[in-house]
Amino acid sequence: MQFSERISRISISTTAAVVQKADKLRATGATLVDFGAGEPDFPTPDHIKQAAVRALEENFTRYTPTGGIGDLKEALVERHARDFGSNYSVEECLITVGGKQAIFEAMVATLNDGDEVILPVPYWVSFLDIIRYAGGNEVLLETDEAEGFAVRAEAVEKLITPRTRMIVVNSPNNPTGAVVPPEEMQKLLAVATRHNLLLLSDECYCQCVYEGPPFSLGNSKDCEHLLIVGSLSKTYAMTGWRVGFALGSTKLLANMLKLQSHSTSNPTSIAQKAAVEALRAPQDCVRAMLAEYHRRRDRVVKGLRAIPGIECTLPRGAFYAYPNISAYLNRDGLADTAALAGKLLEEAHVAVVPGQAFGTHQHVRLSYATSLGQIEEGLRRMATFFARF
Ligand code: PLP
């Protein structure tokens with residue numbers, strides 16, 4: 001069988017591959033500590049699940065409008081306005097099958113072959129593959145670990161060429177947990193506006209910050225040069241429900257909707273009802289999960305820094321730590337981060353994601369969206385593992 005040139009530009013997500021490998025090992029009876037999966041370990045809060053049960057009982061099981069039900073769009077723009085001071089109308093809102101679909105649609109809808117997209121490193125794996133699939137070329141912006149992987153508007157502007165079409169920013173960041181300060185985000189938007197580009201701001205983790213209030217660039221009024229992508233996956237422990245969204249210009253959203261109408265159609269009907277409940281109900285569950293992530297963050301960073309040779313930048317948001325393990329590379333068959341992650345999994349039964357998946361060659365990513373007990377055990381195993389080298 002022949003496959004398209006387009007599909008050969010991309011590969012299966014490395015994080016999914018780590019999950020598969022970990023599952024295989026688990027099936028042999030091994031007890032793993034899993035720092036691989038980038039999803040909350042909490043169950044979806046009960047009041048949200050009950051809303052889906054009610055929707056089922058009321059037979060809300062048919063196609064809905066492709067871009068999401070009116071109720072959900074209203075709930076979303078209201079929550080966004082309340083939390084971030086934004087002012088989007090329901091027409092400037094599209095409900096998608098996870099934040100990932102919004103990113104995919106935005107890139108396919110805006111990029112022509114050879115268009116350049118500025119992408120800060122480390123990047124979330126899917127950005128790179130989606131840019132390539134859409135025909136774009138990534139222009140990587142290296143960031144400085146010593147400065148906490150800070151993305152600076154000035155550095156972004158230097159990479160702009162006549163082919164640049166889009167800038168991607170993801171704050172809080174997967175995989176580093178870095179947070180771009182609000183002033184710098186505004187500067188990034190100013191750069192996009194000055195050069196007539198689209199700034200795609202992936203704010204899937206925007207409710208998960210450990211210092212200061214959550215922030216969204218959506219509080220600026222520029223729809224023309226800004227697309228906000230968000231998700232309920234992480235905020236409400238709803239990864240399996242597949243509800244995400246985009247906020248931006250009606251013209252861009254209309255083009256994204258075309259793709260949605262010919263691919264998935266609407267996000268799942270009952271998941272949309274659950275999402276309305278998540279957004280409209282009191283937000284105590286979000287605060288409770290954040291407090292727990294905060295405790296775990298402190299424990300993970302302390303534990304990693306206690307291992308000789310490992311350095312770890314303090315993550316200020318999301319639920320990932322991105323330690324530098326370069327002191328252990330090029331020893332005893334540990335040629336690169338993939339080899340190290342492989343050995344750590346096979347020998348210590350600890351799953352982490354190699355940094356090369358995110359564009360760096362000296363790190364591994366740990367998701368600390370797992371219990372403190374698992375974190376303690378994982379750190380203990382890692383300390384023993386690294387002590388051998
Ligand atoms: N953006 C980032 C940075 C992510 O880490 C993820 C998921 O891991 C997503 C977007 C997509 O999440 P979802 O499709 O579950 O909404």
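Residues numbered from 1 in each chain as written. Predicted model: local features only at pLDDT ≥ 70, side-chain atom pairs only at ≥ 80, totals over all residues. Heavy atoms only, no water.

A closer look at the overall build of the chain
Part 1: If you tally the helices and strands in the chain, you get twelve helices and twelve strands.
Part 2: The C-alpha radius of gyration of the chain comes to 21 Å, within 12% of the 21 Å expected for a compact globule of 389 residues.
Part 3: Dimensions of the chain along its principal axes, counting C-alpha atoms only, are 60 × 55 × 55 Å.
Part 4: The buried share among the 389 residues of the chain stands at 54%.
Part 5: By sequence separation, contacts in the chain at least 24 residues apart represent 75% of the contacts at least 6 residues apart.
Part 6: Of the accessible surface of the chain, which amounts to about 16,700 Å², a share of 52% is contributed by carbon and sulfur atoms.
Part 7: Both charge centroids of the chain, one from 40 positive and one from 44 negative side chains, sit 2 Å from each other. (Helix = DSSP H or I, 4+ residues; strand = E, 2+ residues; numbered from the N terminus. Rg over C-alpha atoms; globule rule 2.2 N^0.38 Å. Buried < 20%, exposed > 50% of the residue type's maximum accessible area, 1.4 Å probe, protein only. Contact = heavy atoms within 4.5 Å. Areas by Shrake-Rupley, 256 points an atom, 1.4 Å probe, with all protein chains shown as cover. Lys, Arg positive; Asp, Glu negative; His and termini not counted. Charge placed at Lys NZ, Arg CZ, Asp CG, Glu CD.)

Some points on the packing of helix α10 (residues 284-305) against helix α12 (residues 372-387)
Part 1: Look at α10 against α12: their axes get within 10 Å of each other, and the N-to-C directions meet at 10 degrees. Here α12 runs roughly parallel to α10, going by the angle between their axes. Every residue of α12 that contacts α10 at E292, R296, R299, V300, G303 and L304 is listed here: L372, I375, E376, L379 and M382.
Part 2: Residues belonging to the contact of α10 with α12 are distributed by class as follows: six nonpolar, one polar and four charged. (Axes fitted to C-alpha atoms, helices over the stretch in contact; angles between N-to-C directions. Parallel < 35°, antiparallel > 145°, perpendicular 65-115°, else oblique. Nonpolar A, V, L, I, M, F, W, Y, C, P; charged D, E, K, R; others polar.)

Overview of the site of the ligand
Part 1: Near the ligand there are 13 residues, and of these G99, D202, S231, S233 and K234 occur at the shortest range.
Part 2: Between the ligand and the protein, one listed contact pairs an oxygen atom with a side-chain N or O atom of R242 at 2.8 Å.
Part 3: Burial of the ligand by the protein amounts to 92% of the accessible area it has alone, namely 400 Å².
Part 4: Here the shell around the ligand gets three residues from one element, more than from any other, and that element is helix α4 (residues 98-110). (Near = heavy atom within 4 Å. Polar contact = N/O pair within 3.5 Å; in protein donor to acceptor, adjacent residues only side chain to side chain.)

Points about the sheet that holds strand β3 (residues 116-121)
Part 1: The seven strands are arranged β2-β8-β7-β6-β5-β3-β4 in an open sheet whose pairing can be described as mixed. Strand pairing shows two members of the sheet lacking a second neighbour, β2 (93-96) and β4 (137-142), which therefore form its edges. Here the average twist between neighbouring strands, direction ignored, is 20 degrees.
Part 2: Pairing between β3 and strand β5 (residues 164-170): three bridges, direction parallel. Within the sheet, the bridge partner assigned to V117 lies in β5 and is M166.
Part 3: With respect to the sheet, helix α5 (residues 125-133) is in contact with β3, β4, β5 and β6 (198-202), its orientation differing from that of β4 by roughly 150 degrees. (Pairing = 2+ DSSP bridges.)

As for the domain arrangement of the chain
Part 1: Entries for the chain in the domain assignment read domain 1 (6-43 + 285-387) and domain 2 (46-280).
Part 2: Centre-to-centre separation of domain 1 and domain 2, based on C-alpha positions: 25 Å.
Part 3: At the interface, 38 residues of domain 1 touch 34 residues of domain 2.
Part 4: When the buried area of domain 1 at its contact with domain 2 is split by residue, R9, R316 and F358 rank highest and sum to 19% of it.
Part 5: Where domain 1 meets domain 2, there are one salt bridge.
Part 6: Close ionic contact of E211 with R316 constitutes a salt bridge, the shortest N to O distance being 2.9 Å.
Part 7: In this structure, the connection of domain 1 to domain 2 is made through 17 residue pairs in polar contact (both at pLDDT 80 or more).
Part 8: If you list the elements that add at least two residues to the side of domain 1 that touches domain 2, you get α1 (14-27), α10 and β9 (320-321). (Domains from an automatic or database assignment. Buried area = accessible area lost by both parts, 1.4 Å probe. Salt bridge = Lys/Arg side-chain N within 4 Å of Asp/Glu carboxyl O.)

Regarding the environment of D332
Part 1: Looking at the secondary structure, you find D332 in the loop between β9 and α11 (337-348).
Part 2: You can call D332 exposed: its relative accessible area is 58%.
Part 3: As a C-alpha pair, D332 and F389 span 57 residues in sequence and 7.6 Å in three-dimensional space.

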